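# Chain and residue survey
Listed below are the residues making up each chain.
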Amino acid sequence: MKYLMICLGNICRSPLAEGVLRDKLEKIGSNSIVESRGFETYHDGDIADYRAQKTAKKHNIDLSKHRGSLFQAVDFDNFDMIYVMDKNNYSDVASMARTPEDMKKVDFLMNASRPGTDTVVVDPYYGADENFDEVYEMIDEAADAIIKQYEKK
Ligand code: 4NP
């Protein structure tokens, strides 16, 4: 499987989601891949936000190699599942879909563990450190559900 995590800046939520899911994939010896993208040109090429890195480190996950990159239409071809964090991300991805088929790959990340709820992973960028811990807990829950759904047959 090829998974793609999407948020606005690709410096806080989606790099954390990428790191958490990759860690779980590695632990079960999966060959699946996970990447992340954003929509904010301002952060293209940026390292992950230091608070996201700090939160990841608490769980032995290293985000130091992350560099922000922008979502492109070709990503619809290159990934099997595209997970968004919030409604704006969903609209941004939808605006680039070329066919209705493209959108079949797209879902809210939290629907992995809370199906049909469209639960949002709130942007922690203007928040406090605790908000990053909350983001981590939500992502961890969703990543476990993804592993169960697609990796453990
Ligand atoms: P992210 O957080 O979408 O979780 O990476 C944000 C990072 C930067 C901005 C917004 C959200 N920004 O407006 O610069």
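The structure under discussion appears in the preceding block.
What comes next is a walk through the structure. (Residues numbered from 1 in each chain as written. Predicted model: local features only at pLDDT ≥ 70, side-chain atom pairs only at ≥ 80, totals over all residues. Heavy atoms only, no water.)

## Examining the packing of aromatic side chains
Each aromatic ring pair is characterised by the separation of its centres together with the angle its planes make. The cut-off we apply is this: Classification of ring pairs uses Phe, Tyr and Trp, with its six-membered ring standing for Trp, and accepts pairs whose centres are within 6.5 Å; under 30 degrees between planes counts as stacked, over 60 as edge-to-face, and the remaining range as tilted.
For the structure shown, the criterion picks out five aromatic pairs. The structure contains a cluster of three or more aromatic residues connected by ring pairs, namely Phe39, Phe71 and Phe76.

## Observations regarding the site of the ligand
Here is the rule: Note on definitions. A residue lies near a molecule or strand when any single heavy atom of the residue is within 4 Å of it. Here a polar contact means two N or O atoms within 3.5 Å. Within protein one must be a hydrogen donor candidate and the other an acceptor candidate, and residues neighboring in sequence count only if both atoms are side-chain atoms. A 1.4 Å probe and the Shrake-Rupley method give the accessible areas. Residues count as covered only by the protein chains that appear here. Amino acids outside the nonpolar list (Ala, Val, Leu, Ile, Met, Phe, Trp, Tyr, Cys, Pro) and the charged list (Asp, Glu, Lys, Arg) are all regarded as polar, and Gly is one of them.
Around the ligand, a shell composed of Cys7, Leu8, Gly9, Asn10, Ile11, Cys12, Arg13, His43, Asp123, Tyr125 and Tyr126 is seen. Backbone polar atom of asparagine 10 to an oxygen atom of the ligand: 3.3 Å apart, as the coordinates give it. In the complex, the protein chains occlude 91% of the 350 Å² of accessible area that the ligand would expose alone. Of the residues assigned to the shell around the ligand, the class counts are six nonpolar, three polar and two charged.

## A few points about the pairing of strand β3 (residues 81–84)
Test applied: Relative accessibility under 20% of the residue-type maximum defines a buried residue, over 50% an exposed one, and the middle range a partly exposed one, all with a 1.4 Å probe and only protein chains included. Under the DSSP-based scheme used, a helix requires at least four consecutive residues in state H or I and a strand at least two consecutive residues in state E, with every element numbered from the N terminus. Should DSSP find at least two bridges between two strands, the strands are taken to pair.
Burial along β3 is two-sided: Met81 and Tyr83 and Ile82 and Val84, pointing in opposite directions, are all buried. Where β3 meets strand β4 (residues 106–108), three bridges bridge the pair, whose relative direction is parallel. Pairing of isoleucine 82 across the sheet is with valine 106, part of β4.

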